[in-house]
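Listed below are the residues making up each chain.
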Amino acid sequence: MSIILGPNRYGKAETRLVRVVRDGAVHHLKDVNVSSSLSGDMEAVHLTGDNAAVLPTDTQKNTVYAFAGKHGVGQIEEFARLLAGHFVDTQPAIRHARVEIEEYFWDRIPVSGHSFVRAGGEVRTCVVHHDGDGRTTVVSGLRDLVLLNTTGSEFHGFAVDEYTTLQPTSDRVLATAVTARWRHASAPDSFGESYTEVRRCLLEAFAGTHSLSLQQTLYAMGKRVLDTCDGICEVRLEMPNKHHFAVDLSPFGLDNAGEVFHAADRPYGLIEGGVLREDAPDAGFAWE
Ligand SMILES: O=c1[nH]c(=O)c2[nH]c(=O)[nH]c2[nH]1
């Protein structure tokens, strides 16, 4: 009985590309997830390990970033078509290219021209404790509120030891997925309106703070809530630092003036902190 190679394809899955277009102080954002998959004359690599026909998946990823730098990312169908055409037209062994792109949508935060909130996806939360002694605590919150500033973020002057390689920066993309919980000292007239108000404070403080660290931004966001909302006595925030690394396009003869970023998913910095009124009533079991 002879054994033959069945259907096969290979590629780079989920190249996370963020493309920023800087139109003066107004920035535009394109956030996509690109997966390419190529097939063709691939008997040799499978049967003998001869890689001559294999355009590396690493090259496919680089092509996504280079094309984003060179051509921009317009409609995802057109960007996908451009990539797929390139792989088939330039690689004799590649007969077929499949390019799949997902696009994530962002809304502007009006406070600045460079601040965005990812559309949809956020979850509203609450935890209420009540016991037989009539004690009630209410903690409201949200999670997965994804925010991004394309500028207005620096990080430098940090402690350095023999393991530090991070370069100081005076301009970076700052992105996070906020988990926020806030403790009510007294019930608001409307929990719905209170939620809207807290969310607005979080967005506006994120957008309006020129950030020297995510920690500083976190504190500014919590403080804005307490400054604005009388009935809230404590805010706890968890904010992952969703790193966006500028891609080095110089090997492809291209500049990257803060336009093409690799949106890394892990590892990520995780910044957590609470902000509270000094005279906040005892939290009791509120946070349990
Ligand atoms: O805002 C930041 N805070 C940090 O503590 C930190 N650490 C790091 O590597 N990058 C950053 N950014």
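Residues numbered from 1 in each chain as written. Predicted model: local features only at pLDDT ≥ 70, side-chain atom pairs only at ≥ 80, totals over all residues. Heavy atoms only, no water.

The name an unreviewed UniProt entry assigns to the protein chain is Uricase, from the organism Nonomuraea cavernae. Word for word, the UniProt comment on the protein chain under Catalytic activity (unreviewed entry) is "urate + O2 + H2O = 5-hydroxyisourate + H2O2". Database annotation for the protein chain, UniProt heading Sequence similarities (unreviewed entry): "Belongs to the uricase family." (UniProt positions renumbered as here; feature names shortened; annotations may be inferred.)

> A description of the nonpolar core should follow, citing residues and the corresponding values.
The biggest cluster of nonpolar side chains holds 29 residues, and the ones touching the most others in it are Leu147, Val178, Met221 and Leu237. Among the elements of the structure, strand S7 (136-149), strand S8 (174-184), helix H4 (191-208), helix H5 (214-228), strand S9 (232-241) and strand S12 (269-276) are those that each provide at least two residues to this core. Take this core: its biggest share by element is eight residues, from H4. Those residues within four positions of Leu147 in sequence are excluded, and the remaining contacts are Trp106, Ile109, Phe116, Val117, Leu174, Ala175, Thr176, Val178, Leu203, Phe206 and Met221. By size, the runner-up hydrophobic cluster in this structure holds 28 residues, among which are Val32, Val64, Ala66 and Ala84. (Core = buried A, V, L, I, M, F, W, Y, C linked by side-chain atoms within 4.5 Å. Buried < 20%, exposed > 50% of the residue type's maximum accessible area, 1.4 Å probe, protein only. Helix = DSSP H or I, 4+ residues; strand = E, 2+ residues; numbered from the N terminus. Contact = heavy atoms within 4.5 Å.)

> Now, about the sheet that holds strand S3 (residues 94-104): what can you tell me, with residues and values included?
Pairing is antiparallel in the open sheet, where five strands are placed in the order S3-S2-S1-S11-S10. The open sheet has two edge strands, S3 and strand S10 (244-246), and neither has a second partner. On average, each strand axis in the sheet is tilted by 35° relative to the strand beside it, whichever way the strands run. Here strand S2 (residues 26-40) pairs with S3 via ten bridges, running antiparallel. Within the sheet, the bridge partner assigned to Ser37 lies in S3 and is Arg98. Contacting strand S1 (15-23), S2 and strand S11 (260-263), helix H2 (residues 57-71) runs over the sheet at an angle of about 10° to S1. Packed on one face of the sheet, helix H3 (residues 76-90) meets S1, S2 and S3 and runs near 155° to S3. (Pairing = 2+ DSSP bridges. Axes fitted to C-alpha atoms, helices over the stretch in contact; angles between N-to-C directions.)

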